Amino acid sequence: MRIAITQRVLQHKGRAYDSLEQSWWGLLQSHQLIPIPNTPNQNLTQTLDAVDLIILSGGDGNNTRVNVESEIFNYVDEHKTPVLGVCRGMHLVARKYGLGTVLVDDHMDTKHTITMSGKEHVVPSHHTIAVLQGANIEVIATDKRNYVEAFQVDNYTCMQWHPERMQQPLWPKNFSL
């Protein structure tokens, strides 16, 4: 499977660098991984035409990354390529579908319990935004306060936790790599 994945932008000595957490390479080693650069003048369509899945990864955003991700949404709306939204990627998809969010202070750099398919799982948590339930999505997993931890809508599968940071990655139902 050919997978395109977004990257965060890091600043170092006044220069911008695209960055992808190394654990993604280990998790996706049996697939062809194509990092999407955060550059305004790229042929994104050519890259996305060649992939089977797009991962909207975690991390923070800057204007260039936001613009690239906006182009990705436009492409996906037209071509219906499957998308996995992880952490920040889930927040972007939630916003796209009009889901509410709230700030949380106990989900950053910790582990917490979620419920999916009637079973509890402990997942790594690295976020300060929680997604609220809303219409038109299928909620797949929730936390103890009933915040959405995973959902599916159209061709998007979204998860709040980081599978790349787990010994045994946990995937939302009806999704696997």
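Residues numbered from 1 in each chain as written. Predicted model: local features only at pLDDT ≥ 70, side-chain atom pairs only at ≥ 80, totals over all residues. Heavy atoms only, no water.

Participant: Which residues make up the environment of Lys173, and what are the values?
Facilitator: Within the secondary structure, Lys173 sits in the segment after β13 (156-159). Each C-alpha atom of the pair Lys173 and Arg145 lies 21 Å from the other, and the pair is 28 residues apart in sequence. (Helix = DSSP H or I, 4+ residues; strand = E, 2+ residues; numbered from the N terminus.)

Participant: If you had to explain the packing of aromatic side chains to someone new, which residues and values would you point to?
Facilitator: How two aromatic rings sit relative to each other is given by the distance of their centres and the angle of their planes. Scanning the model with the defined rule gives 3 aromatic pairs in all. Ring geometry for Phe73 against Tyr156: centres 6.0 Å apart, planes inclined by 50°, an arrangement best described as tilted. One end of the pair, Phe73, is in helix α3 (residues 63-79); the other, Tyr156, is in strand β13, and 83 residues separate them in sequence. On the basis of relative accessible area, Phe73 is assigned to the buried category, the value being 13%. Tyr156 sits in the buried class, given a relative accessible area of 1%. Considering the side-chain rings of Tyr97 and Tyr156, the 5.9 Å spacing of their centres and the 70° angle between planes classify their relative orientation as edge-to-face. Residue Tyr97 is found in the loop between α4 (88-96) and β7 (101-103), and its partner Tyr156 is found in strand β13; the two are separated by 59 residues along the sequence. Take Tyr97: its relative accessible area is 26%, and that puts it in the partly exposed class. (Phe/Tyr/Trp six-rings, centres within 6.5 Å; stacked < 30°, edge-to-face > 60°. Buried < 20%, exposed > 50% of the residue type's maximum accessible area, 1.4 Å probe, protein only.)

Participant: Describe in detail the state of the cysteines, supporting the description with residues and values.
Facilitator: What we call a disulfide is simply a covalent bond connecting the sulfur atoms of a pair of cysteines. Taken as a whole and judged by the stated rule, the model has 0 disulfides. Between Cys87, a free cysteine, and Cys158, which holds the nearest cysteine sulfur, the sulfur-to-sulfur gap is 11 Å. (Disulfide = S-S within 2.5 Å.)

Participant: Pulling in residues and values, what's your account of the confidence of the model for the chain?
Facilitator: With 100% of its residues at a pLDDT of 70 or more, the chain has an overall mean of 93. The least confident element of the chain is β7, whose mean pLDDT is 91; the most confident is strand β5 (residues 53-56), at 98. (pLDDT = per-residue confidence, 0-100.)

Participant: How would you summarise the nonpolar core if you had to cite specific residues and measurements?
Facilitator: Of all hydrophobic cores here, the largest spans 26 residues; its most connected members are Leu48, Ile54, Ile72, Val93, Phe151 and Tyr156. Taken together, the elements giving at least two residues each to this core come down to α2 (44-49), β5, α3, α4, β12 (148-153) and β13. A total of 5 residues in this core trace back to one element, the largest contributor, which is α3. When residues no more than four places from it in sequence are discounted, the contact partners of Tyr156 are Phe73, Val76, Asp77, Val83, Val93, Lys96, Tyr97 and Phe151. Of all hydrophobic cores here, the second largest spans 23 residues; its members include Ile55, Ala150, Met159 and Phe175. (Core = buried A, V, L, I, M, F, W, Y, C linked by side-chain atoms within 4.5 Å. Contact = heavy atoms within 4.5 Å.)

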